[in-house]
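Here is how the chains run, residue by residue.
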Amino acid sequence: MKKIAVLTSGGDAPGMNPAIRSVVRTAIYKNLEVVGVRHGYKGLIEKDFFDMERGSVADIVQRGGTILLSARCDEFKTESGRKKAYANMKEEGIDGIVVIGGDGSLRGVQKINEESDIKAVGIPGTIDNDLSCTDYTIGVDTAMNTILDAVNKIRDTATSHERTFVIECMGRESGYLALMTGLAGGAEYILLPEIDFTPQEVCDKITQGFNRGKLHSLIIIAEGVEAPFVDLNEYNGSPGMAMGELIRERTGMETRVTILGHLQRGGSPTATDRIVASRMGAKAVELLLEGKRDKMVNYKDNSIGVCEIKDAVKKNDTINMDIYNLANILSM
Ligand code: ADP
């Protein structure tokens, strides 16, 4: 192994930069050359490569986003697109690659390993924390803290005006962010794609809370909640807007809706995201030096370890019911 590449792909996540920094500096420390690839897999196909030195990753440990830029690239899903990518990497003398991204990006890693002799390993980078085989994906801690900051601020207004607030957070297929921030933010109700509910039970709990003297109600809802009882198209696809309307109609309470949107993806990475990203970056380089391929660096039981990518990309749609039940009890 003489030369490795590094890229970020799919949705950006805070902590990708500390991971890139760690890959680059660990590799240089181990006498490897490093090539940065811009725009994810698109950059492999278009040969958007540049040599990286220690200084290339200076002053990025605290920055959100990714200096390598990220992209979604349909061409990499085609065999002809991937062939171009492999030819470009061969021409550049790249023997191994570290890909930082979510489950889609990791499927790309599987393809590289199946179809070429370039060794590829993955680092889980997504705010959704929806991969199997790892307790943690880079970015989730920062996203949770961003959401909590918003919840705290909304709570001030909710209390002052004795209102109900519905807060819609990210998580198209996974309710992890909603669940954890619901517990930490003291939400009255947490609505997740993984757990069925009826609007009436939500309204009843809100009414009961106000009758017991609660000054406000906060409902956290994941954007991926399907809400089969309404036509979401009438609400711009937003389950939060739909729930806000239903609560207003059925309880007669003033109800406001906040969709947090993309502010959840940005921001300076938290200490935990930086620490995990730094450790994962170094581990990925180590794996390549050991000649490993098709592995993802993971974080389990407070340790950095390794798992098979085929296991990691299986969707993790299990919700921790202990945490869900606890949040319910604590919000009574
Ligand atoms: P994420 O990595 O955040 O889940 P995507 O699912 O959009 O984001 O995947 C990012 C990119 O990874 C895609 O645009 C594509 O270039 C590549 N990719 C996704 N799935 C595959 C696949 N099955 N085979 C090859 N490349 C893939």
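All figures in this text were calculated on a predicted structure; none of them were measured in a lab.

Draft legend 1. Expanded view of empty space enclosed by the protein. Evaluated as defined, the whole model comprises one cavity of 30 Å³ or more. Space inside the largest cavity adds up to approximately 40 Å³. As for the largest cavity, its lining consists of Ala-187, Glu-188, Tyr-189, Ile-190, Lys-205, Tyr-324, Ala-327, Asn-328 and Ser-331. When contributions to the lining of the largest cavity are tallied by element, the ones reaching two or more residues are β7 (189–191) and α11 (321–330). Class assignment for the residues of the lining of the largest cavity results in five nonpolar, two polar and two charged.

Draft legend 2. View of the pattern of salt bridges. Under the definition given, this model contains 22 salt bridges. Linking Glu-290 and Lys-292 is a salt bridge whose minimum nitrogen-to-oxygen distance equals 2.8 Å. Judged by relative accessible area, Lys-292 falls into the partly exposed class, the value being 32%. Lys-295 is paired through a salt bridge with Glu-308; the nearest N and O atoms lie 2.5 Å apart. Of this pair, Lys-295 sits in strand β10 (residues 295–300) while Glu-308 is found in strand β11 (residues 303–308), placing the two residues 13 residues apart along the sequence. Relative accessible area serves as the criterion here: at 16%, Lys-295 is assigned to the buried category. We classify Glu-308 as partly exposed; its relative accessible area is 30%. Through salt bridges with shared partners, one network takes in Lys-3, Lys-47, Glu-91 and Glu-92.

Draft legend 3. Here's a closer look at the domain arrangement of the protein chain. Domain boundaries assigned for the protein chain yield domain 1 (1–136 + 268–311) and domain 2 (139–264). Between domain 1 and domain 2, the C-alpha centre-to-centre distance is 35 Å. On the side of domain 2, 12 residues touch domain 1, which itself brings 13 residues to the contact. Counting each side, the surface lost to burial between domain 1 and domain 2 is near 970 Å², with a carbon and sulfur contribution of 58%. Three residues, Ile-127, Asp-128 and Asn-129, lead the burial of domain 1 against domain 2; their summed loss comes to 49% of the area buried on that side. Remark: the boundary between domain 1 and domain 2 carries zero salt bridges. Linking domain 1 to domain 2 there are seven residue pairs in polar contact (both at pLDDT 80 or more).

Draft legend 4. Spotlight on the site of the ligand. Close to the ligand lie 15 residues, the nearest being Arg-72, Cys-73, Gly-102, Gly-104 and Ser-105. Within the contact set of the ligand, an oxygen atom lies 3.3 Å away from a backbone nitrogen or oxygen of Gly-11. Note that an oxygen atom of the ligand is positioned 3.0 Å from one of the backbone N or O atoms of Gly-104. Summarising the interface, the protein chains cover 82% of the accessible area of the ligand, which totals 560 Å² for the free molecule. More than half of the atoms belonging to the ligand lie within 2 Å of the grid points that define the largest pocket. Top element by residues in the shell around the ligand is helix α4 (residues 103–115). It accounts for six residues.

Draft legend 5. Representation of the sheet that holds strand β8 (residues 217–222). Read across the sheet, four strands follow the order β7-β8-β6-β9 without closing on themselves; strand pairing throughout is parallel. Each edge of the sheet is formed by a strand with only one pairing partner; in this case those strands are β7 and β9 (255–259). With strand direction ignored, the average angle separating the axes of adjacent strands in the sheet is 15°. Across five bridges, the pairing between strand β6 (residues 164–169) and β9 is parallel. By the bridge assignment for β9, Val-166 is matched with Val-257. Its contacts with the sheet place helix α6 (residues 176–185) against β6, β7 and β8, and it is angled at close to 165° to β8.

Conventions adopted
Residues numbered from 1 in each chain as written. Predicted model: local features only at pLDDT ≥ 70, side-chain atom pairs only at ≥ 80, totals over all residues. Heavy atoms only, no water. 1 Å grid on protein atoms, 1.4 Å probe; cavity = no way out; pocket = protein on both sides within 12 Å on 5 of 7 lines; lining within 4 Å. Points joined across faces, edges and corners; volume = space filled by probe spheres on them. Helix = DSSP H or I, 4+ residues; strand = E, 2+ residues; numbered from the N terminus. Nonpolar A, V, L, I, M, F, W, Y, C, P; charged D, E, K, R; others polar. Salt bridge = Lys/Arg side-chain N within 4 Å of Asp/Glu carboxyl O. Buried < 20%, exposed > 50% of the residue type's maximum accessible area, 1.4 Å probe, protein only. Domains from an automatic or database assignment. Contact = heavy atoms within 4.5 Å. Buried area = accessible area lost by both parts, 1.4 Å probe. Polar contact = N/O pair within 3.5 Å; in protein donor to acceptor, adjacent residues only side chain to side chain. Near = heavy atom within 4 Å. Areas by Shrake-Rupley, 256 points an atom, 1.4 Å probe, with all protein chains shown as cover. Sits in = over half its atoms within 2 Å of the grid points. Pairing = 2+ DSSP bridges. Axes fitted to C-alpha atoms, helices over the stretch in contact; angles between N-to-C directions.

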